[in-house]
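# Descriptive analysis of the structure
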Amino acid sequence: MEMLKKAFKTTLVLVLLGSSLFAQTLVDVKKAIDAEQYQKAKSQLKTMIATLPTNAENYFFLGQVYLKTDYADSAKVTFNEGIAKNPSFALNYVGLGQVLLEDQDETMAKVNFDKAVTLSDKKDNRAFLYIGKAYTAAKKPNYEMALTNLTKAQTINPKDAEVFLAMGDAYRGQMKNSEAYSAYRTAFDLNKSLLRSKVELGVINKMSKAFQESAEEFNSVLALDPNYGPAFR
């Protein structure tokens, strides 16, 4: 009995350690995507999939990388692989909806989005977050639908910095620069590692011809991370 207890404890430690390492790696992946280091993110995700092939979240973020690099067919295949591994994981249905938006099929995209929401825990705002992002990033953006979903994501988690960053993108798409500026500023206040929010503040300042303030925003980002590509761009 004592040996069984020890074996159980050892197994539990290994499982927890593996989960911790996975979470940390996913944080690194998201940082690479945010910094537009898509090849790095792709390589990390493929390694994660080889190591943890049943974790459907890996497939979702790999699909995101494919979409950002204009490989919609590869993204669709990847999202479907994620669904095959775990049909109850919501985000890969969001991914399929994104692909359908690229094909300008909003009706079928919404079917997949609705399925993702149905599968999500009521305390999990990620489906609404990524649906909102999808509507903003579409070839034919629908900023109103983006903000509707992002508002729902904010209601579930009012302190999610990524939601405010996505709201800033949607407001800027509507040319509502005051609302966008406020959302980006809130995003950075909530999470100082979201450097793109500072970059976007600089962009809005530049559009307002506040060139000194704009340069200060970009330089402050580079002071935090000298290799942050979007600030140079």
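The present account deals with the structure reproduced in this document.

Thresholds applied
- Residues numbered from 1 in each chain as written.
- Predicted model: local features only at pLDDT ≥ 70, side-chain atom pairs only at ≥ 80, totals over all residues.
- Heavy atoms only, no water.
- Helix = DSSP H or I, 4+ residues; strand = E, 2+ residues; numbered from the N terminus.
- Buried < 20%, exposed > 50% of the residue type's maximum accessible area, 1.4 Å probe, protein only.
- Contact = heavy atoms within 4.5 Å.
- Core = buried A, V, L, I, M, F, W, Y, C linked by side-chain atoms within 4.5 Å.
- Axes fitted to C-alpha atoms, helices over the stretch in contact; angles between N-to-C directions.
- Parallel < 35°, antiparallel > 145°, perpendicular 65-115°, else oblique.
- Left-handed = near helix turned anticlockwise from the far one by under 90°.

### Some points on the overall build of the chain
- Of the regular secondary structure elements, the chain holds 13 helices and zero strands.
- When each of the 233 residues of the chain is scored for burial, the buried share is 42%.
- In the chain, the proportion of contacts linking residues at least 24 apart, taken out of those at least 6 apart, comes to 46%.

### Focus: the nonpolar core
- Within the largest apolar cluster, 57 residues are counted, with the highest numbers of intra-cluster contacts made by Val94 and Phe113.
- Sorting elements by how many residues they give to this core places helix H3 (residues 56-68) first, with eight residues.
- With near-sequence residues (within four places) excluded, Val94 lies in contact with Phe113, Ala116, Ala127, Tyr130 and Ile131.
- Grouped together as the second largest cluster of nonpolar side chains are nine residues, Phe188, Leu195, Leu222 and Tyr228 included.

### Considering the packing of H3 against helix H5 (residues 91-102)
- Where H3 meets H5, the closest approach of the two axes is 9 Å, and the angle between their N-to-C directions is 20 degrees. Judged by the inter-axis angle, H3 sits roughly parallel to H5. Our pair here, H3 against H5, has a crossing hand that is left-handed. Judged by residue contacts, Ala56, Tyr59, Phe60, Gln64 and Leu67 of H3 engage Leu91, Asn92, Gly95, Gln98, Val99 and Glu102 from H5.

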